[in-house]
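# Summary of the model geometry
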There are 2 protein chains.
Amino acid sequence: MSPRKSAAEARSTRRRIIDRGIAIASVEGLEGLTIGRLATDLGMSKAGILGHFGTKETLQLAVLEGASAVFVHSVWHPAEDAPPGLPRLRALCEAWIGYLEHERAVFPGGCLFTTASVEFDARGGRVRDAVARLSRVWRRRLAAEVRQAVAAGDLPAGTDPEQVTYELVGCYLALNQELQLLADPEAPARTRRALDRLLAPDAPVHPR
Amino acid sequence: MSPRKSAAEARSTRRRIIDRGIAIASVEGLEGLTIGRLATDLGMSKAGILGHFGTKETLQLAVLEGASAVFVHSVWHPAEDAPPGLPRLRALCEAWIGYLEHERAVFPGGCLFTTASVEFDARGGRVRDAVARLSRVWRRRLAAEVRQAVAAGDLPAGTDPEQVTYELVGCYLALNQELQLLADPEAPARTRRALDRLLAPDAPVHPR
DNA sequence: CCTACCGATCGGTAGG
DNA sequence: CCTACCGATCGGTAGG
């Protein structure tokens, strides 16, 4: 029999499950993430996995939360020290490119939020709600940075922050697709050119 | 026992399977499309479904081909009579918005190509290859239209057609996400504003 | 954290 | 096009 572990050991096991779950879900999706696959990969029993989460849905939410922490660490943190306004917005965007281009060890199948967004966008439930919420939080953060850049005079007055955010999100969805599906090495350069146009001091205002 | 059907009846059944398969796969993905679900929905046996395709992979490829026909009908055809160059490109883009916004009866879960792209981008196999091929065909078509618009003087000389195509694709990936995941009614208007900027006679050239 | 098990469903086949 | 079936796997539970 295997004895009950200490709280610290349990936390460490939980972390291992989540890290592995992120990698699997990045490739197979959050529905394609199965408890049996996790158990095999980690050399555990299915009941051992499930004991940490109770249900698959709770596991999916924990994996999503873990991926969110990775995103914050890879994209938000590196830009935190940049001056507010356009410099910080550009630092954020550059870190975002690196996240999609280089975080293959964590996300072998590409950005988990993109995968989960498409996977759950036509369903109900707590996972879908969590994906939508994370998406809105990130968009709000981007729009706030754009607003600061406008206030600082780094972007033209009259710029629509939601419009710029929408176009930024599109750029990165396209980048993810070109990297993952088409394996196009030109993709990051194209993203940077789009950013140069979108985040330029003389960018045309979007008329409403 | 149920007698063998005529070739015409078999074709009609095959069509029904594919149409239903497109609707299911749009919501559940091409992997989430199961033979049992199709059988229940259509009042057939699983063997009856499988008899038309042999394997699930062949069914997935047939569903993808059917969705491609819908896309061609909804987006390519309406623009075919527009004059080459910018007018046709804009007609294509407008039909593309309508396709994402209104084809809910055919694709209740949103664009099947977006779903399949993310679902298979980290796998191998014939389905992934087919998705990537369709994606490249559409990008080439868009780039060719941009090139014609430049040749006609409707877009600035020096415009990079692949760059514009990349940004167009991004716009529509973002539109699909805002419609499906975020249910944002402003999304089509935002897409049109992005197009106005991207496909304007005085759009800034993308430096390489 | 394990073993041992549950009913449901998966893709697919045999045979008609 | 059907019934009847196959082994594998799904999420989850009982009990320790």
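Rules and cut-offs
Residues numbered from 1 in each chain as written. Chains lettered and ligands numbered in written order. Predicted model: local features only at pLDDT ≥ 70, side-chain atom pairs only at ≥ 80, totals over all residues. Heavy atoms only, no water. Least-squares fit on C-alpha atoms with pLDDT ≥ 70 in both. Contact = heavy atoms within 4.5 Å. UniProt positions renumbered as here; feature names shortened; annotations may be inferred. Helix = DSSP H or I, 4+ residues; strand = E, 2+ residues; numbered from the N terminus. Phe/Tyr/Trp six-rings, centres within 6.5 Å; stacked < 30°, edge-to-face > 60°. Buried < 20%, exposed > 50% of the residue type's maximum accessible area, 1.4 Å probe, protein only. Axes fitted to C-alpha atoms, helices over the stretch in contact; angles between N-to-C directions. Parallel < 35°, antiparallel > 145°, perpendicular 65-115°, else oblique. Left-handed = near helix turned anticlockwise from the far one by under 90°. Nonpolar A, V, L, I, M, F, W, Y, C, P; charged D, E, K, R; others polar. Expected span 1.5 Å × (residues − 1). Bend = angle between axes of the 7 residues up to and from the residue. Polar contact = N/O pair within 3.5 Å; in protein donor to acceptor, adjacent residues only side chain to side chain.

Chain A has the name TetR/AcrR family transcriptional regulator in an unreviewed UniProt entry, where Streptomyces mobaraensis is given as its organism.

## Looking at the relation of the copies chain B and chain A
Under the fitted operation, chain B is carried onto chain A by 0.0 Å of movement along the axis and a turn of 180°, and the coordinates agree to an RMSD of 0.0 Å. Look at the turn and shift together and you get a two-fold axis relating the two. Proximity to the rotation axis, assessed at the C-alpha, singles out B:Gly170 in chain B; its C-alpha lies 2.0 Å from the axis. A shared interface surface links the copies, since 100% of the contact residues of chain B are contact residues in chain A too.

## Thoughts on the UniProt feature "DNA-binding region" (unreviewed entry) in chain A
According to UniProt, the "DNA-binding region" (unreviewed entry) feature falls on residues 34-53 of chain A. Annotated as 80% helix and 0% strand, the span residues 34-53 of chain A places its first and last C-alpha atoms 13 Å apart.

## Describing the packing of aromatic side chains
Residues and elements named next belong to chain A. Inspection of every chain in the model, using the stated rule, returns 14 aromatic pairs over all chains. Here the aromatic rings of Phe71 and Trp138 are separated by 4.9 Å at their centres, their planes lie at 85°, and the arrangement is edge-to-face. You can see Phe71 sitting in helix H4 (residues 56-79) and its partner Trp138 sitting in helix H7 (residues 126-151), a full 67 residues away along the chain. As far as the burial class goes, Phe71 and Trp138 line up, both buried. When the ring of Trp76 is compared with that of Trp138, the centres are 5.6 Å apart and the planes differ by 40°; the resulting orientation is tilted.

## Overview of the packing of helix H6 (residues 112-120) of chain A against helix H6 (residues 112-120) of chain B
H6(B) packs onto H6(A) with a crossing angle of 135° between their chain directions and a minimal axis gap of 9 Å. With respect to each other, H6(A) and H6(B) are oriented oblique. Considering the relative orientation of H6(A) and H6(B), their crossing is left-handed. Residues A:Thr114, A:Thr115 and A:Val118 of H6(A) lie in contact with H6(B), whose contacting residues are B:Thr114, B:Thr115 and B:Val118. Looking at the contact of H6(A) with H6(B), its residues break down into 2 nonpolar, 4 polar and no charged.

## Let's talk about helix H1 (residues 7-32) of chain A
Helix length check: H1(A) (26 residues) gives 29 Å between terminal C-alpha atoms against 38 Å at 1.5 Å per residue, more than 12% under. When the local axis directions of H1(A) are compared, the greatest deviation, roughly 100°, occurs at A:Ser26. Turning to H1(A), its buried residues are A:Thr13, A:Ile17, A:Ile18, A:Gly21, A:Ile22, A:Ala23, A:Ile24, A:Ala25, A:Ser26, A:Val27, A:Gly29 and A:Leu30. On its buried face, H1(A) sits against helix H2 (35-42), helix H3 (46-53), H4, H6 and H7 of chain A together with H6 of chain B.

## A look at the side chain of A:Ser26
Residues and elements named next belong to chain A. Residue placement: Ser26 occurs in helix H1. For Ser26, a relative accessible area of 1% gives the class buried. Polar side-chain contacts of Ser26 include one of 3.2 Å to the backbone oxygen of Gly110. Other than its neighbours up to four places away in sequence, Ser26 contacts Phe107, Pro108, Gly109, Gly110, Leu112 and Thr115.

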